[in-house]
Amino acid sequence: MKRSLTEIESHAAEAMRRHGLTEIAEETGSRCAWLEGVAYPGLKLLAEALVDQQQNAELEKDVLGIDLKNVSAVFLAARLNGLVRQHGRLFLRNVRHGLYLVPDSVRGNYGIGCPVDPAFPLGGERMKDPYAEKLEASARDGVEVDEGVWQSLSH
């Protein structure tokens, strides 16, 4: 079924609020809509993350970077974005749902390694926005979403 980016953002934010994650609901909804708008599975990843028992990790920089301990980036994206602004570039290990870091990377105009790899760099310079055209088309035409995933976020 086709949904607008606004509908996706609202639905994702509401799912976060239902799970007691009000403080990051709006920004997560925005990231989810962005991901869906560029044909990444934002809703599916969000549904997976919301059933995780562990939703927080201590973000301490060590010699190898930051170990996210397989906690979903859905819950850590804003904090990681802040660390990138502070440190410039980070190497992340044991990342789950790393695609949730891509929207901030593009909006903040900084580089990102492979977010589907459990270890990748975040930060540095980005040369262009490779997603602008897809987002424009999605804003205009809507996005086809999986109805089962959509419904799973309604509970």
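This text goes with the structure placed above it.
Along each chain, numbering runs from 1 in the same order as the chain's sequence is written. Totals for whole chains, interfaces and linings use every residue, but because this is a predicted model, local features are given only for residues with pLDDT of at least 70 and side-chain atom pairs only at 80 or more, for both listing and counting. As a rule here, side-chain values come from all non-hydrogen atoms in the structure, and water together with hydrogens is ignored.

S.K.: Mind showing me how you'd approach the overall build of the protein chain here?
M.R.: Elements are defined by DSSP. Helices are runs of H or I of four residues or more, strands are runs of E of two residues or more, and each kind is numbered from the N terminus. The number of helices and strands found in the protein chain is seven helices and seven strands. Its helices and strands in sequence order give the protein chain the pattern β-α-α-α-β-β-α-β-α-β-β-α-β-α, from N to C terminus. Whereas a compact globule of 155 residues would reach a radius of gyration of roughly 15 Å, the protein chain reaches 15 Å, a difference of no more than 12%. Along the first, second and third principal axes, the C-alpha set of the protein chain runs to 45 × 35 × 25 Å. Burial classification: accessible surface area is computed with a 1.4 Å probe over protein chains only, and a residue below 20% of its type maximum counts as buried, one above 50% as exposed, and the rest as partly exposed. Taken over 155 residues, the protein chain has a buried fraction of 50%. A fraction of 63% describes how many contacts in the protein chain between residues 6 or more apart in sequence connect residues 24 or more apart. Accessible surface computed for the protein chain: about 7,800 Å², of which carbon and sulfur atoms make up 51%. In this tally Asp and Glu are treated as negative and Lys and Arg as positive; neither His nor the chain ends contributes. Charge placement uses NZ in Lys and CZ in Arg. For Asp and Glu, CG and CD serve respectively. Of the charged side chains in the protein chain, 18 are positive and 23 negative, and the gap between their average positions amounts to 3 Å. Each radius of gyration reported is based on C-alpha atoms, and the globular scaling rule is 2.2 Å times the count of residues to the power 0.38. Here a residue-residue contact requires only that any non-hydrogen atoms of the pair lie within 4.5 Å. Surface exposure here means Shrake-Rupley accessible area, sampled with a 1.4 Å probe, where a residue is shielded only by the protein chains that are shown.

S.K.: Help me understand the pairing of strand E4 (residues 89-93), please; the structure alone is not making it clear to me.
M.R.: For a regular strand, the rule is simple: side chains alternate between the two faces of the sheet. Paired strands, in this sense, are two strands between which DSSP finds at least two bridges. Taken together, the two bridges between strand E3 (residues 65-67) and E4 define a ladder with parallel strand orientation. What sits directly across from Asp67, in E4, is Arg93. Convention used here: a crossover is right-handed provided that the path from the first strand, over the helix, to the second strand proceeds clockwise when the strands point away from the viewer. In terms of handedness, the path from E3 via helix H4 (residues 73-87) over to E4 forms a crossover that is right-handed.

S.K.: Whenever I open this one, the environment of Leu5 confuses me. Can you help?
M.R.: Within the element layout of this structure, Leu5 appears in helix H1 (residues 5-18). Considering only alpha carbons, one finds Leu5 and Gly142, 137 residues apart in sequence, at a separation of 6.5 Å. Not counting the four nearest positions on each side in its chain, Leu5 is found in contact with Ala33, Gly37, Leu135, Ser138, Ala139 and Val143.

S.K.: Which parts of the structure should I look at to understand H4?
M.R.: Note: α-helices contain 3.6 residues per turn, so residues at a spacing of three or four share the same orientation. The span expected for a helix works out to 1.5 Å for each residue beyond the first. Between the first and last C-alpha of H4 there are merely 18 Å, a value that for 15 residues lags more than 12% behind the 21 Å anticipated at 1.5 Å per step. Note on bend: the value at a residue is the angle between axes fitted to the seven residues ending there and to the seven starting there. The sharpest bend along H4 comes to roughly 35°, located at Arg79. Residues Ala73, Val74, Phe75, Leu76, Ala77, Leu80, Asn81, Leu83 and Val84 constitute the buried set of H4. Identification of polar contacts relies on pairs of N or O atoms within 3.5 Å, with a donor-acceptor requirement for protein atoms, meaning one able to donate a hydrogen and the other able to accept it, and with residues adjacent in sequence counted only if both atoms are side-chain atoms. N-capping of H4 is provided by Ser72, with a side-chain oxygen placed 3.1 Å from the backbone N of Val74. Immediately beyond the C-terminal end of H4, within one or two residues, lies Gly88, with a positive phi of roughly 90°.

S.K.: Looking at this structure, how should I read the environment of Leu101?
M.R.: Relative to the helices and strands, Leu101 is located in the loop between E4 and helix H5 (102-107). Spatially, the C-alpha atom of Leu101 lies 15 Å from that of Glu125, the residues being 24 residues apart in sequence.

S.K.: Sorry, what's going on with helix H2 (residues 25-37) here?
M.R.: If you check H2, its first and last C-alpha atoms are 18 Å apart, about what 13 residues at 1.5 Å a residue would give, namely 18 Å. In terms of burial, H2 is largely enclosed, as 11 of its 13 residues are buried. Every buried residue belonging to H2 is among Ala25, Thr28, Gly29, Ser30, Arg31, Cys32, Ala33, Trp34, Leu35, Glu36 and Gly37, and all of these are buried. Buried residues along H2 sit in contact with H1, helix H3 (42-50), H4, H5, helix H6 (132-141) and strand E7 (143-144). Backbone geometry just downstream of H2 places Ala39 in the positive-phi region, at approximately 75°.

None of the figures reported here should be taken as evidence of function without further support.
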